[in-house]
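Inside the fold
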Amino acid sequence: MTQIKDKTVLITGGASGIGKIMCRICLEKGASAVAVWDLNIPEVSDDPRIHSYRVDVTDYDNITQAYSKVKEELGGVDILINCAGIVRGNATFDRQNERDIRMTMDVNATAPMLVALAMIPDMMARNSGHICNIASAAGMLGVPKLSVYCASKWAVIGWTESLRVELKMARSRVKATTIAPYFINTGMFDGVNSKIFPILEPEKTAARIIRAIEKDKTFKGLPFPWHFIRFWQGVLPNCIFDWLFGKVFGVYEVMDHFTGRKA
């Protein structure tokens, strides 16, 4: 079991959305310090245990410099939650551009690896720590008009699972958790039209993520039925799977009226 009390937690993308909520929950659970890494640093809280850093998580030099500062000020990181993420519009892949592809992959897929790479040697040296990566249900299912985002989240799921097995084989007590939520009502996916599955509420979702970390869950799909996506992909012919998820559940049309968060 992973304890939050008296631990130092670092959350990327922690200045808004579920990242900001998880900051508060960790404080309520007795974290000794919460480090917030974000490009935009508003006042997350007036609690002296909150420490905000402006960090570009796609820049490894910036990451290592910020981590050195965190170690100097807070003594290291016990729990890392990679929460920073972006989505760039609802164009089909043939209408994508290089800038958006690179930005999406850099922020959603490469950045979590770079942040973890900076911190995991210290975790393994002391044989304790927890890395939680916020992926997406879109990392298990191809969604039209969301292809690059799906690619980035598939990458996160594959990498975290490989990391988990490597840590297990090394007999390390460092833990790795993958979170794969459906759309969350934070503004990031404003305009999505979910026919069957309800949009997740941020407060409840953030609380369930923290509980998954505390329970050392290796994988947590939200809501629970999304755990079975891979099973249905494996047993159903593509035409039946596409009919079920595309027509019956309406998943293939969720991005048709996407607007995203207003600036």
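Presented here is an overview of the structure given in this document. (Residues numbered from 1 in each chain as written. Predicted model: local features only at pLDDT ≥ 70, side-chain atom pairs only at ≥ 80, totals over all residues. Heavy atoms only, no water.)

On to the nonpolar core. Core analysis: the largest hydrophobic core is formed by 56 residues, its most contacted members being M22, V34, I81, L146, F189, I209 and W226. Among the elements that take part in this core, helix α1 (residues 17-28) stands out by supplying 7 residues, more than any other. Once you skip the residues sitting within four places of it in the chain, W226 turns out to touch A137, M140, L141, Y182, F197 and V251. Among the nonpolar cores identified, the runner-up in size contains 29 residues, and V55, L114, V115 and V174 belong to it. (Core = buried A, V, L, I, M, F, W, Y, C linked by side-chain atoms within 4.5 Å. Buried < 20%, exposed > 50% of the residue type's maximum accessible area, 1.4 Å probe, protein only. Helix = DSSP H or I, 4+ residues; strand = E, 2+ residues; numbered from the N terminus. Contact = heavy atoms within 4.5 Å.)

Across the sheet, 7 strands lie side by side as β3-β2-β1-β4-β5-β6-β7; this open sheet has parallel pairing. Unpaired on one side and paired on the other, β3 (50-54) and β7 (219-222) mark the two borders of the sheet. Between one strand axis and the next, the sheet turns by 15 degrees as a mean value, whatever way the strands run. Of the strand pairs in this sheet, strand β5 (residues 130-134) and strand β6 (residues 175-181) are connected by 5 bridges, and their pairing is parallel. For C132, the partnering residue across the bridge sits in β6 and is T177. Packed on one face of the sheet, helix α3 (residues 98-126) meets β1 (8-12), β2 (33-38), β4 (79-82) and β5 and runs near 175 degrees to β4. (Pairing = 2+ DSSP bridges. Axes fitted to C-alpha atoms, helices over the stretch in contact; angles between N-to-C directions.)

The end-to-end C-alpha distance of helix α4 (residues 147-169), which contains 23 residues, comes to 33 Å, matching closely the 33 Å that a straight helix rising 1.5 Å per residue would cover. Among the structural elements, α3, β5, β6 and α6 (229-235) are those in contact with the buried residues of α4. Directly beyond the C-terminal end of α4, a positive phi value near 60 degrees is found at R171. (Expected span 1.5 Å × (residues − 1).)

For the structure shown, the criterion picks out 10 aromatic pairs. Here the aromatic rings of Y182 and F197 are separated by 5.8 Å at their centres, their planes lie at 65 degrees, and the arrangement is edge-to-face. One end of the pair, Y182, is in the loop between β6 and α5 (202-214); the other, F197, is in the loop between β6 and α5, with 15 residues separating them in the sequence. Each member of the pair Y182 and F197 is classed as buried. With a centroid separation of 5.5 Å and 80 degrees between ring planes, the pair formed by F224 and F228 is classed as edge-to-face. Through successive ring pairs, a cluster of aromatic residues spans Y149, Y182, F183, F189, F197, F241, F245, F249 and F258. (Phe/Tyr/Trp six-rings, centres within 6.5 Å; stacked < 30°, edge-to-face > 60°.)

The next point concerns the pattern of salt bridges. As enumerated under the stated definition, the model contains 11 salt bridges in all. Of the charged contacts, one joins R126 and D78 as a salt bridge, the two residues approaching to 3.8 Å between their closest N and O atoms. Remark: D78 occurs in the loop between α2 (60-74) and β4 and R126 occurs in helix α3; sequence separation between them is 48 residues. The salt bridge involving D256 is made with K145; its shortest N-O contact spans 3.3 Å. Remark: K145 occurs in the loop between β5 and α4 and D256 occurs in the segment after α7 (238-248); sequence separation between them is 111 residues. You can call D256 partly exposed: its relative accessible area is 34%. (Salt bridge = Lys/Arg side-chain N within 4 Å of Asp/Glu carboxyl O.)

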